[in-house]
Structures are given as structure tokens and as C-alpha cells.
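# Architecture at a glance
Take a look at the letters that make up each chain.
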Amino acid sequence: MGQGRQGILTHGSCDVVGIDRPIIRFDHATFGFPGVIALKEISLDIAEGEFIGVIGPNGSGKTTLCRAVLGLLRPLEGHLQIFDCACEELRCHHRARIGYLPQKGMIDRNFPVTVLEAVMMGRYGALGLFKRPSRRDREIALEALAHVGMEHHRDTALGHLSGGQQQRVFIARALAQQPQVLLLDEPTTGLDITTQHNVVELVQQLHRELGLTVLLITHDINMIRSRVDRLVLLKTRVFAAGPPQDVLKPEILREVYGKDVVITDRDMVIVEDYHHH
Amino acid sequence: MLTYDFMQRSLLAAALVGALCSVVGVFVVLRGLAFAGAGTAHAAFAGVALAYLMGWPPLALAILFGLATVWITGVIEEQGRMKLDVSIGILYTATMALAILFIGLMKGYNAEVYGYLFGSVLSVTPDELRVVLALSLLVLGMIVLFSKELYFIAFDQEMAEASGVPARRIFFLLLTLVALTVVISLKTVGAVLVFAMILIPASTAYQLTHSLTHLTLYAVVIGVLCAAGGVLLSSMWDVPSGPAIVLLATTVFFLAVLFSPKRLRRVHAASSPQP
């Protein structure tokens, strides 16, 4: 991918957050609803340009973390800072700097929309109210499509694409926001193994080429452990965080998942009763 | 027939209502608010009934009742504490009960009130036409102004909000536009049938295209042609205008389903031999 393409898709102003300062900072932040705590007193700094994998069992708070980063949840206690703003002060133009890929199944994938129309929606938040998309916005959307290898499908109906192709289109929609942060909520769920690899490889490539900060929420530890800079293991709190080899220790995983975990050179297998093997 | 003033007024009112209902209908169908709109229509009718009972302006009361219902619906949907169809079902029947109560309290039969229930576009007065025109321009203007945000929240409201669109405010704007559209259309197609005019053209267009832009365009063309065509049929065959418009639209809908490129594509795919 050329420099020109990189230039058009990355956010113009990165001056808000310095290199030595985190782009996202959770400071003893607790999230949930009255009586229900989804994430308790989490402290986590995410630096600009990092590739973070967020893992944890069902109900561990992964999606809550995602919604918090999007500014859709406010902490009950503690602080969350995004782009040097307290999340309470997060405005629409800040949100537009976070490209978001929701979980598969949250979107009606048969919605009557063409690929280009869907990607153009990525421009709407950044454009603001009362402004019509210009030729430049269309160019950005087309560049985003080219980045995910879907430029030839621009006039195809979204519903006619395969699951993997639709994920690519939604990643392009997120890229069209010219984001600083790419937030992906279980992007490989429901895809076949080859497509899963392709999607994660694409994310890694975008991280490398566009210098994006990536937060990838997933259950698929094997798929991401060799690709991320850091893993964050959640179980209602930050149970462990650090390089994958420090987080993926059998004793940590056993405590979080309640099962023994076999770690081989290439894969990890969670077994019902490891002591019998 | 077309040289009569009342006929020209009726056709213009029907075409305006047809265009308005179908454009709003695109967002209602895509955002899954069909039942909410039906509830709003009956609430607006309750407002009309109260207005005739008390001698107040019917349009103002219809707007008040319509807006109150649609906003309550919106708050309930946002909070997610109750299934939308249940909450609307309660509001729908409660407002209809209010309407029947208000009519029951009236002394004698009031044909004008029933006109709002079943529609009487052929009796639209020049003043009413001016109000329909002004409100239609207001609603259509708002839709043009906020079309990109409206499309986005119809696609996925949470994604829109996460992307920096003020999605919650746009959602309530859409609800407000639905209520205004219902009120504007009461006189033409009536409270019982107005929601058919909101749903059917958009649902018909849905059968024909995969593009949002084309969907809106087709819906407007279908809405205007069905509304004007219904008025002409109503006048030619001396049948009520509201049902004529809605039944014509329904016929077009079933034809679209039958010849839908989407359906034909599915049938073709199913009958093709598997590789």
C-alpha cells in the first residue's frame, strides 16, 4: 500500500495525544448499572499505535469495555480518559476518531444498502450535521474499500456478500472515519477458519500500515496471540495484562476459565479434565 | 373531472401526502418502527376527537397527542425495559379507548370526526391544503437536511452514535417527523389507513432495490402515483378515497413481491444445480 493511501485514511491531527501519553486511560474505573457491576476498578493505559487483544470468558466485561471506549458508558466510579478528554466530555467529533466494528449479528446484514453507501456512512460522523458528503468523502470511502480489497464490489448489495466480505466492508466503513483507534468486537465470530485468518491478517496489516491503535476483542486466543503487542485478560476486572507470553500462563487461564489449558508450540487447547491426560 | 377545483385540491393533497408518507416510511420500515407509527395514528385521532368534543382546534390536539405517544414510545424503546410491541400495544388501545370515550361524550353523530378516521381527501378545503403543504414542506425539509444521519440510525443506531452522529437526538427527530406525518395525513387517508401509506410504498420499494438512494426514490414515486391514482379511482367509481388509495398501494405491493428481482434471484439460486 502506498504512502498516498496511508495519508488519506489516517487521522490528520494526532497532536491531541503525545507519544509518551496514553491515548486511552482507565483509572480505577467501574462500569455497570445500579446493582450490577460489569467491570470493577479497572486501570489500563493504551498507548498510541499499540495492538491490544482483549480476551476473557463470556460475561467478563469485554463488550462493556468496548462500549466504554466508544463513550457510550460512563464510569460509575473512577475515570476514563479518551484522547485527553474525560469520557463525560467526549463529543461527537472525538467519537468519529474511533472506528468501530460491532459484533456480527448486531447489524441487519440484508439492509438494502450498497457496499459504497455502507462505507460512506463512516464519513457521516466526521462530517457533522448539515454537511453533504463531498467528492473528497467519496474518495476516502473508495480508498478505504481499496484497503480491504473490496473496491470492485462498491455497487454490490451488502446482503449479497459472504460473511468475510461483509466484515471487510465494515472494517472499510470504520477506516472511512479516518480513525486513530480501531475497535473490533469479536470480528471473527461466525466465520470459517480461512476467513478468520484473513480478517485478522487484514487488521494486522492495517495496524502496521496506517499506524492505528487497535483494540481487538475476541474469544479466539490462538488467532491473535502471535499478532498483538499486549493481551488484556478480563474477568470483571483486569485479571492480567501484558505481553501474550506473560498472560497466557496455565495457572492464570485455569483461574479465569475454570478449566485446565494445554499449551503446545502452536496451539492452546482447553480440556475438561487435564489431570486425566 | 380534473377541471374541478375540489378535484385539483384533492389530487395535490393526495400527492403531497403520498410523497411525505413514503419518504418517512423508508426510515420507519428500515428502523423497525412500524407498530409505533400505527399507535401514533390512533393517538392523533384521540386528539381530534377531544378537540371536537371541547371545541378546540383539531390539528393542534392531534399533533399534541401524536407527539406525546411517539415520544413515550421512544423513551420506552431507549430504556429497553419493556418490549416495544407490548408498550405500543398498551398505548395504542388506551388512546383508541380515549377516542371512543370522547366520541361517546359528544351529543349526536359527528361526521367530521369520522372523516378523520377513514379519510376524505375529496373534501379537503383550500385552508387545509395550505396547512398540509406547509407541514409537508417542513417535514420533507427536515428529512433532506438530516437524511445522512437518518439513514445511519436506520442502519444501526448504536454504530451511528459510536461514529460521532448524535443518534439519540436524530432518533427523536425521526419520531417527531412520524407524528407530524401522521397528523398531516389524517384528513386524506384517515387514522386507520395512514399507516398503510407509510408502510406500503417503502415496503414495495424494498422489494425492488438494494440501494438506499433508489429505495427512497422508488418509494416516493410509488407513494405519489398510488395516492393520486387512488383519488382518481375514488372519484370515478364513487368509493371512499382512503380505502381506494390504500388498496391500490396494496395491489402494487403484491405485484412488486411477485416480480421482485430479489425474490426471483433467490428462486433462481435455489433452482440452480449446486456445484
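My aim in this report is to walk through the structure given alongside it, one point at a time. As the structure is a computational prediction, the values presented were derived from the model and not from experiment.

Along its length, chain B carries 12 helices and zero strands. Going from N to C terminus, chain B has its helices and strands arranged as α-α-α-α-α-α-α-α-α-α-α-α. The globule rule puts the C-alpha radius of gyration for 275 residues at 19 Å, and the 19 Å found for chain B is close to it. In terms of overall dimensions, chain B has a C-alpha envelope of 75 × 50 × 30 Å along the principal axes. Here the analysis covers contacts within chain B between residues at least 6 apart in sequence; of these, 75% occur between residues at least 24 apart.

Moving on, we come to the overall build of chain A. Along chain A, the regular secondary structure elements total 10 helices and 12 strands. The proportion of buried residues among the 277 residues of chain A is 42%. Summarising the internal contacts of chain A: among those between residues at least 6 apart in sequence, 67% fall at separations of at least 24.

Contact with chain B, which involves 21 residues of that partner, is made by 26 residues of chain A. For the side of chain B that touches chain A, the secondary-structure elements that each account for two or more residues are α7 (147–155), α8 (157–162) and α10 (212–237) of chain B.

As a further point, take the sheet that holds strand β3 (residues 51–55) of chain A. Residues and elements named next belong to chain A. Taking strand neighbours across the sheet as the criterion, the six strands line up as β6-β7-β8-β3-β9-β10 in an open arrangement whose pairing is mixed. Because the sheet does not close on itself, it has two edges, and the strands there are β6 (98–101) and β10 (238–242). For this sheet, the mean angle separating the axes of adjacent strands, direction not counted, is 15 degrees. Strand direction decides the pairing type here: strand β9 (residues 230–234) and β10, joined by four bridges, are antiparallel. Its bridge partner being in β10, Val232 is matched across the sheet by Ala241.

A separate point is the sheet that holds strand β4 (residues 77–82) of chain A. All names here are of chain A. Strand order in the open sheet formed by four strands is β2-β1-β4-β5, with antiparallel pairing between adjacent strands. If you trace the sheet from one side to the other, it starts and ends with β2 (36–47) and β5 (85–86), each paired once. Two elements, strand β1 (residues 22–33) and β2, share eight bridges in a ladder whose sense is antiparallel. By the bridge assignment, Gly32 is partnered in β2 with Ile37.

Soluble globular proteins: nonpolar side chains tend toward being buried together. Judged by nonpolar contacts, the single largest core of 175 residues is most densely connected at Val119(A), Val17(B), Ala44(B), Phe45(B), Met197(B) and Ile245(B). The element contributing the most residues to this core is helix α9 (residues 167–208) of chain B, with 26 residues. In this view, Ala44(B) contacts Ala62(B), Phe65(B), Gly66(B), Val182(B), Val183(B), Leu186(B) and Ala191(B); residues no more than four positions away in its chain are not counted.

This paragraph deals with helix α6 (residues 126–145) of chain B. Residues and elements named next belong to chain B. Counted at 1.5 Å a residue, the expected span for α6 with its 20 residues is 28 Å, and the 28 Å between its end C-alpha atoms agrees. By the burial criterion, the buried members of α6 are Val132, Ser136, Val139 and Ile143. Buried positions in α6, seen along its axis, are confined to an arc of 70 degrees and lie on one side of it. Within α6, the exposed residues directed more than 90 degrees away from the buried face are Pro126, Asp127, Arg130, Ala134, Leu137, Gly141 and Val144. Against the buried residues of α6 lie α1 (5–31), α7 and α9.

Residue and element names in this part refer to chain B. For the pair α9 and helix α11 (residues 241–258), the least separation of the axes is 9 Å and the interaxial angle reads 20 degrees. Put simply, α9 runs roughly parallel to α11. Like other packed secondary-structure pairs, α9 and α11 cross with a definite hand, here left-handed. The segment α9 lies against α11, with Val189, Gly190, Leu193, Ala196, Met197, Ile200, Pro201, Ser203, Thr204, Gln207 and Leu208 engaging Gly242, Pro243, Ile245, Val246, Ala249, Thr250, Val252, Phe253, Ala256 and Val257. Residues of the contact of α9 with α11, tallied by class, amount to 15 nonpolar, six polar and no charged.

Looking now at the pairing of strand β8 (residues 213–217) of chain A. Residues and elements named next belong to chain A. The buried fraction of β8 amounts to five of the five residues, a majority that puts the element mostly inside the structure. Neither face of β8 is open: one carries Thr213, Leu215 and Ile217, the other Val214 and Leu216, and all of them are buried. Pairing analysis gives four bridges linking β3 to β8, with the strands arranged parallel. Along β8, the bridge assignment pairs Phe51 with Val214. In terms of strand pairing, strand β7 (residues 181–185) meets β8 through five bridges, oriented parallel. What sits directly across from Leu182, in β8, is Val214. Each parallel crossover has a hand, and the one from β7 via helix α7 (residues 193–210) to β8 is right-handed.

Conventions we followed
Residues numbered from 1 in each chain as written. Chains lettered and ligands numbered in written order. Predicted model: local features only at pLDDT ≥ 70, side-chain atom pairs only at ≥ 80, totals over all residues. Helix = DSSP H or I, 4+ residues; strand = E, 2+ residues; numbered from the N terminus. Rg over C-alpha atoms; globule rule 2.2 N^0.38 Å. Contact = placed C-beta atoms within 7 Å. Buried ≥ 20, exposed ≤ 12 C-beta atoms within 10 Å, placed from the backbone. Pairing = 2+ DSSP bridges. Axes fitted to C-alpha atoms, helices over the stretch in contact; angles between N-to-C directions. Core = buried A, V, L, I, M, F, W, Y, C linked by C-beta atoms within 7 Å. Expected span 1.5 Å × (residues − 1). Arc of directions from axis to C-beta. Parallel < 35°, antiparallel > 145°, perpendicular 65-115°, else oblique. Left-handed = near helix turned anticlockwise from the far one by under 90°. Nonpolar A, V, L, I, M, F, W, Y, C, P; charged D, E, K, R; others polar. Right-handed = clockwise from strand over helix to strand, strands pointing away.

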